[in-house]
Amino acid sequence: MKYGKTYSDIARFKKSFISDNKKLVEENNRISDIYRKQPHREECKVCSSGNYSSGEYFCLNKIKYYVCPDCGHINGEFLETEDFTNSVYVDGDFGNFYKEDQVELYKERMHAIYTPKAKFMTSTLENICGEDWRGFAYLDVGAGSGYYVAALLELGLEARGIEISPQQVSFGNAMHKKLLSTAGGGKCFCLGEDEVVARIRKAKEAVISFFGVWEHVINLHVILDAINENDNVRYVFFSVPVFCFSIFLAAVNEDVFCRSLGGSHTHIFTEKSLKYIYDKYKWEIVDQWNFGADIPDLYRILKVKLEQQNNNFLSRIIDEKIFPLIDKMQLCIDEAGMCSEVHVIIKKLNK
Ligand SMILES: [Zn+2]
């Protein structure tokens, strides 16, 4: 079990959360409006219980989130239909990304965010699992712009990524070529949504990763079943958002962008619902890394509101006095398991 990660390394990539707050809140509200028009959810996303809404709940942005009495998963009251996901995932404008300076930025982002994940994974495989990780092949599902794949390639590993956005794939592959001189092109491949499950089912890779993916897929069960049915896949490395301190901040600050729940995140994992998944599929946790962005969220909320008030003195002092405390404060939350996301490596046990 590992806790905490230095925030100052990645703070520069998160600055837009403050400057773009208004835009981000408007976009989240646009998605929430669509979500509220969907039919009611009939069963729990994780355990399929029809009872999921019979227990306790809380409200966020006029949406009820029920705690499933059977598995502890927290489900939004409406269903993510295909129409919903189609209207949510409008591709971003990647047209402007082909600039020389983007290569440096790509590399910095990869080294700050993705290389630490890759090193956590290889060290776990070596020290806890006793595996020769250099001999494994790796598949990253929902690879986005291929940052994690790039981090693995840089370590000399055999890695591929699959992603449904063609723009992200072509951007990621262009970066791979410039940075890593990968023979024959980049290592990301564009697949249709309906092809992803088939690719997982026939994967030859021993390790599959999913970062920030499971909370977005409609067919979570089908994906988990596909992983379980394929004996080539021995380890799964994933990150998901979990019920956390940031939810409380979001509940009382609806005018500040919330990353954890709301918008395209219509349900959220808990320690209990993850355990339900491990038990159901006979998965064993081999290692977990807890680091969240709850205190950065608190800092961001304070910054946004002080700037809205033109409260320049407090806004400046917060950078001097509070920003340097972020790691220490966040570590308390990470250790208590109340952090905004978890990174987990599981091993599939023999059936
Ligand atoms: Zn449930």
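Cut-offs used in this document
Residues numbered from 1 in each chain as written. Predicted model: local features only at pLDDT ≥ 70, side-chain atom pairs only at ≥ 80, totals over all residues. Heavy atoms only, no water. Donors = N, O, S within 2.8 Å, 3.2 Å for Na, K, Ca; no water. Tetrahedral: all angles 85-135°; square planar, octahedral: opposite > 155°, others 65-115°. Helix = DSSP H or I, 4+ residues; strand = E, 2+ residues; numbered from the N terminus. Buried < 20%, exposed > 50% of the residue type's maximum accessible area, 1.4 Å probe, protein only. Axes fitted to C-alpha atoms, helices over the stretch in contact; angles between N-to-C directions. Parallel < 35°, antiparallel > 145°, perpendicular 65-115°, else oblique. Left-handed = near helix turned anticlockwise from the far one by under 90°. Contact = heavy atoms within 4.5 Å. Nonpolar A, V, L, I, M, F, W, Y, C, P; charged D, E, K, R; others polar. Salt bridge = Lys/Arg side-chain N within 4 Å of Asp/Glu carboxyl O.

Asks: Account for the coordination of the zinc ion, naming residues and giving values.
Replies: Coordination of the zinc ion by the protein comes from Cys44 (SG), Cys47 (SG), Cys68 (SG) and Cys71 (SG), over a distance range of 2.3 to 2.4 Å. Viewed at the metal, the four donor atoms of the zinc ion are separated by angles of 99 to 115°, and the geometry they form is tetrahedral. Here the donor residues of the zinc ion share one chain and are spaced in sequence as C-x2-C-x20-C-x2-C. Placement of the pair is cysteine 44 in the loop between helix 3 (21-36) and strand 2 (57-60) and cysteine 68 in the loop between strand 3 (63-67) and strand 4 (74-76), with a sequence separation of 24 residues. Comparing cysteine 44 with cysteine 68, the two get one shared label, buried.

Asks: Tell me about the packing of helix 6 (residues 147-154) against helix 7 (residues 166-180), residues and numbers included.
Replies: Contact pair helix 6 / helix 7: the axes reach a minimum separation of 10 Å and the direction vectors enclose 20°. Here helix 6 is positioned roughly parallel relative to helix 7, judged by the angle of their axes. For the crossing formed where helix 6 meets helix 7, the hand is right-handed. Contact residues: Tyr147, Val149, Ala150, Leu153 and Glu154 in helix 6; Phe171, His176 and Leu180 in helix 7. Tallied by class, the residues present in the contact of helix 6 with helix 7 amount to six nonpolar, one polar and one charged.

Asks: How would you summarise unusual backbone geometry if you had to cite specific residues and measurements?
Replies: Although it is not a glycine, serine 48 sits at a positive phi angle of roughly 65°. Mapping serine 48 onto the fold places it in the loop between helix 3 and strand 2. Positive phi values are uncommon outside glycine, yet lysine 282 reaches one of about 55°. Position of lysine 282 relative to the elements: it lies in the loop between helix 11 (271-281) and strand 11 (283-290).

Asks: Residue-level account of the pattern of salt bridges, with values.
Replies: Evaluation of the coordinates by the stated rule reveals 18 salt bridges. Arginine 201 is paired through a salt bridge with glutamate 229; the nearest N and O atoms lie 3.5 Å apart. Placement of arginine 201 in helix 8 (residues 193-201) and of glutamate 229 in helix 9 (residues 220-229) is noted, with a sequence separation of 28 residues between them. Across the pair aspartate 255 and lysine 305 runs a salt bridge, and its minimum N-O distance is 3.1 Å. Here aspartate 255 is found in the loop between helix 10 (245-251) and strand 10 (267-268), whereas its partner lysine 305 is found in helix 12 (residues 294-308), with 50 residues between them in sequence. The class for aspartate 255 is partly exposed, based on a relative accessible area of 36%. Each of Glu158, Arg160, Arg199 and Glu205 takes part in salt bridges that share partners, so that together they form one network.

Geometric values such as these leave the question of function open.
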